[in-house]
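Survey of secondary and tertiary structure
What follows is each chain in one-letter form.
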Amino acid sequence: MSDKSMGYTELGSMRFHQEPQKRLGVTGDVIKKWVVRAGIAAAVVLVVFGIAKLTGSGKYEAAIKDYVKFVNDSVNGKGKGNKLMNNYPSFMAETIEERCDDFEHLLVREMGGGEDYNFTCKYKVISKEKLDGEELKEYQDDITTFAGEEENVKVKSGYLFEVELTLEVRAEGTGEKGEYSQSQNIEMVVLKCNGKIGLWKMEENYIWRM
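All residue numbers here refer to positions counted from 1 along the written sequence of the relevant chain. This being a predicted model, a pLDDT of at least 70 is required before a residue's local features are given, and a value of 80 or more before pairs of side-chain atoms are given or counted; all residues contribute to the totals for chains, interfaces and linings. Side-chain calculation: all heavy atoms of the structure are included, whereas hydrogens and water are not.

1. Overview of the pattern of salt bridges
Side chains carrying opposite charge are able to pair once their charged atoms draw close together. Think of a salt bridge as a Lys or Arg side-chain nitrogen and an Asp or Glu carboxyl oxygen that are within 4 Å of each other. With the rule as written, the count across this model stands at four salt bridges. A salt bridge links Arg99 to Asp102, with the nearest nitrogen and oxygen atoms 2.7 Å apart. Placement of the pair is Arg99 and Asp102 together in helix H3 (residues 93-104), with a separation of three residues, close to one helical turn. The cut-offs for exposure are 20% and 50% of the maximum accessible area for each residue type, with area from a 1.4 Å probe on protein chains only; residues under the lower value are buried, those over the upper are exposed, and the others partly exposed. Residue Arg99 is classed as buried on the basis of its relative accessible area, which comes to 7%. For Asp102, a relative accessible area of 33% corresponds to the partly exposed category. A salt bridge links Asp141 to Lys137, with the shortest nitrogen-to-oxygen separation between them at 3.1 Å. Numbering goes from the N terminus for both helices and strands, where a helix is a DSSP run of H or I of at least four residues and a strand is a run of E of at least two.

2. Here we look at the packing of helix H2 (residues 58-75) against H3
Comment: axis = line fitted to C-alpha atoms, over the contacting stretch for helices; angle = value between 0 and 180 degrees taken between N-to-C directions. It is the contact of H2 with H3, at a shortest axis distance of 7 Å, that shows an interaxial angle of 50°. Relative to H3, the element H2 lies oblique. The way H2 lies across H3 gives a crossing that is right-handed. Residue-level contacts link Tyr67, Phe70, Val71, Ser74 and Val75 of H2 to Ile96, Arg99, Cys100, Phe103 and Glu104 of H3. Of the residues assigned to the contact of H2 with H3, the class counts are seven nonpolar, one polar and two charged. Roughly parallel here means an angle under 35 degrees, roughly antiparallel means over 145, roughly perpendicular means 65 to 115, and every remaining angle is called oblique. Should the near helix be turned anticlockwise from the far one by less than a right angle, the crossing is left-handed, and should it be turned clockwise, the crossing is right-handed. For this analysis, residues touch if any pair of their heavy atoms sits within 4.5 Å. Under the scheme applied here, ten amino acids are nonpolar (Ala, Val, Leu, Ile, Met, Phe, Trp, Tyr, Cys and Pro), four are charged (Asp, Glu, Lys and Arg), and all others, including Gly, are polar.

3. So, H3
Multiply 1.5 Å by the residue count of a helix minus one, and that product is the helix's expected span. Between its terminal C-alpha atoms H3 stretches 17 Å, which fits the 16 Å expected from twelve residues at 1.5 Å a residue. Residues Thr95, Ile96, Arg99, Cys100 and Phe103 constitute the buried set of H3. Projected down its long axis, H3 shows its buried positions confined to an angular sector of 140°, all on one face. The outward face of H3, more than 90 degrees from its buried face, is lined by the exposed residues Glu94 and Glu97. The arc under discussion is defined with respect to the helix axis, by the directions toward the C-beta atoms.

4. Re the confidence of the model for the protein
For the protein, the mean per-residue pLDDT works out to 74, and 63% of the residues sit at or above 70. Confidence scores per residue from the predictor, reported as pLDDT, run from 0 to 100. When mean pLDDT is taken per element in the protein, helix H5 (residues 133-147) scores highest with 96 and strand S1 (residues 8-11) scores lowest with 34. Confidence over residues 1-26 falls short of pLDDT 50; this stretch has 18 contacts with residues more than four positions distant or in other chains. In this model, residues 37-55 is a region of pLDDT below 50 whose contacts with residues beyond four sequence positions or in other chains number zero contacts.

5. Some details on unusual backbone geometry
Here Asn194, not a glycine, exhibits a phi torsion of approximately 50°, which is positive. Here Asn194 shows up in the loop between strand S5 (180-193) and strand S6 (196-202). The partly exposed category is assigned to Asn194, whose relative accessible area is 33%. Even without glycine at this site, Glu203 takes up a positive phi of about 55°. With respect to the helices and strands, Glu203 occurs in the loop between S6 and strand S7 (205-206).

6. Remarks on H2
Counted at 1.5 Å a residue, the expected span for H2 with its 18 residues is 26 Å, and the 26 Å between its end C-alpha atoms agrees. Every buried residue of H2 is listed here: Tyr60, Ala63, Ile64, Tyr67, Val68, Phe70, Val71, Asn72, Asp73, Ser74 and Val75.

7. Re the nonpolar core
Here, nonpolar core means buried Ala, Val, Leu, Ile, Met, Phe, Trp, Tyr and Cys residues that are tied together by side-chain atoms lying within 4.5 Å of each other. If you look at the biggest cluster of nonpolar residues, it comprises 46 residues, and the most contacted ones within it are Tyr67, Tyr88, Ile143, Met188, Leu191 and Trp200. Where this core is concerned, the elements lending two or more residues are H2, H3, strand S3 (117-130), H5, strand S4 (155-171), S5 and S6. Residues in contact with Trp200, not counting those within four places in the same chain, are Tyr88, Pro89, Phe91, Met92, Ile143, Val189, Leu191, Cys193, Asn205, Tyr206, Ile207 and Trp208.

8. Structural notes on the side chain of Asn87
Relative to the elements of secondary structure, Asn87 occurs in the loop between H2 and H3. On the accessibility criterion, Asn87 (8% relative accessible area) is buried. Any pair of nitrogen or oxygen atoms within 3.5 Å is treated as a polar contact; in protein, a donor-acceptor pairing is required on top of that, and neighbouring residues in sequence qualify only through side-chain atoms on both sides. There is a polar contact of 3.1 Å between the side chain of Asn87 and the side chain of Asp66. Among residues more than four places away in sequence, those in contact with Asn87 are Ala63, Asp66, Lys196, Ile197 and Gly198.

9. A few points about the packing of aromatic side chains
Note on ring pairs: Phe, Tyr and Trp rings are taken, using the six-membered ring of Trp, and paired if centres are within 6.5 Å. Classes follow the plane angle, with under 30 degrees stacked, over 60 edge-to-face and the rest tilted. For the structure shown, the criterion picks out ten aromatic pairs. Arranged with centres 6.5 Å apart and planes meeting at 45°, the rings of Phe91 and Trp200 form a pair that is tilted. With Phe91 in the loop between H2 and H3 and Trp200 in strand S6, this residue pair connects regions lying 109 residues apart in the sequence. You can call Phe91 buried: its relative accessible area is 16%.

Take a look at the structure:
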C-alpha cells in the first residue's frame, strides 16, 4: 500500500503524517458546476493556444508591413529608410539606402515628371508557410555570398508568404486613382537573419536586386 493511502504527504525529502481526508458528499449540482468550470478552462486553453499559433508568424508579417511603408514613404518623399534598418543586419545599410534612392525617383522615372503624383502600395497576406532547415540553409548561403565570407551570417527561421500587392498612382488634386492601378499576387520571403526579422526576397529577386 502506498504512503498516500496511509495519510502521508511529502515536501522535498521530509514526510508529514496527516489525517486522511473525509469523503465529501457529491450532488448533481456540484458535478454540473465543475463540468461548467472545466469547460471554461478548456476553452481558455484553446483560445490561448490559438492566439499563440496565429501570432507565431506575427513579427514576420510585420516585416512586410514595414517594407511596404518604406516603399510608400520613399516614393512619396517622406522618409529615408532609417527605421527599416532595424529589420536587417548592419551589412545591409548601403543596400537599404540604395533602395530608398531608387524608390524616391520611381514616379519621375515612370510617369515622366510634370504632374505631382501620389503613390500607394497596399498588401494583403493570402497564405504563409514556415520554412524548413534546408531552405533556411540555402537562403543563408545566398546572403553570405552577397555579404561576403567575412560576415557571420546566421539565418535561424523564416516564412514564405503569398501576398496580394496593389499599386495605385493618382495625380494630386484629381481625386482619382488615375494613371495606374494594378493588383498582383507575389511570393515574399521573410527571414530572421542575425537576430533581425526582415523581408529578403520578392519572387526571384533578393532586395539587393530589386
